[in-house]
Amino acid sequence: ETGVTQSPTHLIKTRGQQVTLRCSSQSGHNTVSWYQQALGQGPQFIFQYYREEENGRGNFPPRFSGLQFPNYSSELNVNALELDDSALYLCASSLVQGGNEQYFGPGTRLTVT
Amino acid sequence: AQSVAQPEDQVNVAEGNPLTVKCTYSVSGNPYLFWYVQYPNRGLQFLLKYITGDNLVKGSYGFEAEFNKSQTSFHLKKPSALVSDSALYFCAVRWSGGGADGLTFGKGTHLIIQP
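Reading the values: the criteria
Residues numbered from 1 in each chain as written. Chains lettered and ligands numbered in written order. Predicted model: local features only at pLDDT ≥ 70, side-chain atom pairs only at ≥ 80, totals over all residues. Heavy atoms only, no water. Helix = DSSP H or I, 4+ residues; strand = E, 2+ residues; numbered from the N terminus. Rg over C-alpha atoms; globule rule 2.2 N^0.38 Å. Buried < 20%, exposed > 50% of the residue type's maximum accessible area, 1.4 Å probe, protein only. Contact = heavy atoms within 4.5 Å. Areas by Shrake-Rupley, 256 points an atom, 1.4 Å probe, with all protein chains shown as cover. Lys, Arg positive; Asp, Glu negative; His and termini not counted. Charge placed at Lys NZ, Arg CZ, Asp CG, Glu CD. Buried area = accessible area lost by both parts, 1.4 Å probe. Salt bridge = Lys/Arg side-chain N within 4 Å of Asp/Glu carboxyl O. Nonpolar A, V, L, I, M, F, W, Y, C, P; charged D, E, K, R; others polar. 1 Å grid on protein atoms, 1.4 Å probe; cavity = no way out; pocket = protein on both sides within 12 Å on 5 of 7 lines; lining within 4 Å. Points joined across faces, edges and corners; volume = space filled by probe spheres on them. Phe/Tyr/Trp six-rings, centres within 6.5 Å; stacked < 30°, edge-to-face > 60°.

Helix and strand counts for chain B stand at 0 helices and 12 strands. Starting at the N terminus and walking to the C terminus, you meet the elements of chain B as β-β-β-β-β-β-β-β-β-β-β-β. The globule rule puts the C-alpha radius of gyration for 115 residues at 13 Å, and the 14 Å found for chain B is close to it. In terms of overall dimensions, chain B has a C-alpha envelope of 45 × 30 × 25 Å along the principal axes. Burial analysis of chain B (115 residues in total) assigns 45% to the buried set. Summarising the internal contacts of chain B: among those between residues at least 6 apart in sequence, 57% fall at separations of at least 24. When the accessible surface of chain B is split by element, carbon and sulfur atoms take 50% of a total near 5,400 Å². Where the 9 positive side-chain charges of chain B centre and where its 8 negative ones centre are 5 Å apart.

If you want it as structure tokens, here you go:
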């Protein structure tokens, strides 16, 4: 059973650019969630995908968007990058039932200059 | 809206002593509660969860947590701390009423176990 993987590990972008982060879910999991963890803070829920559709969203603007593919892998896209977007982006996979724990990947460290 | 409070930024415990990391929550309806641990430059690792049933939940690495509905608390405990337990610990909650499965996290507590 493989765990959650994310790519790339680190990324440096310039303000105003666009970025795509990728995530492969743990084997057998059909739901993927994305979180933003700013330095010194707890993770904040961005959105969740189930059956290739957005299933819920936190307090993030529309320039944060995502995709889920038939193999349950996922992408997080951020347009018009701002300096405050600098953070660790975490992907988590789970089974759809609400009581199931989420399993996190190692994260992608995004730096916006 | 749901929220989690971890009142201590840091907890210091001597190796071999019992440890407690505090968490209180606010949620409409019945909560699902979780504890995660994060090591430097790593993702979050699941420790344990409370869904329903027995108020004392046992998890990985000898950790346990006690759910207290009247005090809306879910404190993490371990009878005997190890130096290797030193890490950043997060409490998280979600509403049991369905919909998106997004977790709300506390700001984290640094646990430092001194040899």
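So, about the overall build of chain A. Counting secondary structure elements, chain A contains 0 helices and 11 strands. If you list the helices and strands of chain A from N to C, you get β-β-β-β-β-β-β-β-β-β-β. Computed over C-alpha atoms, the radius of gyration of chain A comes to 13 Å, within 12% of the 13 Å expected from 2.2 N^0.38 for 113 residues, which places it in the range of a compact globule. The C-alpha extent of chain A, read off along each of the three principal axes, is 40 × 25 × 25 Å. Here chain A, with 113 residues, has 50% of them falling under the buried criterion. Within chain A, counting contacts between residues at least 6 apart in sequence, those at least 24 apart form 53% of the total. Working note: accessible area of chain A is about 5,400 Å², and carbon and sulfur atoms make up 47% of it. Looking at charge distribution, chain A has the averaged site of its 7 positive side-chain charges lying 8 Å from that of its 9 negative ones.

Buried accessible area, meaning the area lost when the parts come together, often serves as the stated size of an interface. Each partner contributes to the interface: chain A provides 25 residues, whereas chain B provides 20 residues. Buried surface at the junction of chain A and chain B, both sides included, amounts to about 1,600 Å², of which 54% is carbon and sulfur. Its salt-bridge partner being glutamate 101 of chain A, residue lysine 49 of chain B comes within 2.8 Å of it at the nearest N-O pair. Counting only elements with at least two residues in the side of chain A that touches chain B, the list comes to strand E4 (31–37), strand E5 (44–50), strand E6 (53–57), strand E9 (87–94) and strand E10 (103–104) of chain A. Looking at side-chain class alone, the side of chain A that touches chain B contains 10 nonpolar, 14 polar and 1 charged residues.

Moving on, we get to the layout of surface pockets. A probe as big as a water molecule, rolled over the atoms, marks out the empty space that is left. If you add up the space inside the second largest pocket, you get close to 340 Å³. Lining the second largest pocket are 19 residues, with Gln37 and Gly40 of chain A together with Gln38, Leu88 and His110 of chain B sitting closest to its centre. Taken together, the residues that form the lining of the second largest pocket break down as 8 nonpolar, 7 polar and 4 charged.

Let's shift gears to the pattern of salt bridges. Scanning the entire structure with this criterion turns up 9 salt bridges over all chains. In this structure, lysine 58 of chain B and glutamate 64 of chain B form a salt bridge, with 2.9 Å as the shortest nitrogen-oxygen distance. Of the residues examined, glutamate 64 of chain B reaches a relative accessible area of 17% and is grouped as buried. Each of the salt bridges in this network shares a partner with another, and the network as a whole consists of Arg63, Glu82 and Asp85 of chain A.

This brings us to the packing of aromatic side chains. Inspection of every chain in the model, using the stated rule, returns 16 aromatic pairs over all chains. On the numbers, 5.7 Å between centres and 85° between planes, the contact of tyrosine 35 of chain A with phenylalanine 105 of chain B is edge-to-face. With tyrosine 35 of chain A in strand E4 and phenylalanine 105 of chain B in strand E11 (residues 104–105), this residue pair bridges two chains. On the basis of relative accessible area, tyrosine 35 of chain A is assigned to the buried category, the value being 0%. Through successive ring pairs, a cluster of aromatic residues spans Tyr35, Phe45, Tyr103 and Phe104 of chain A together with Phe34, Tyr36, Phe46, Phe90 and Phe105 of chain B.

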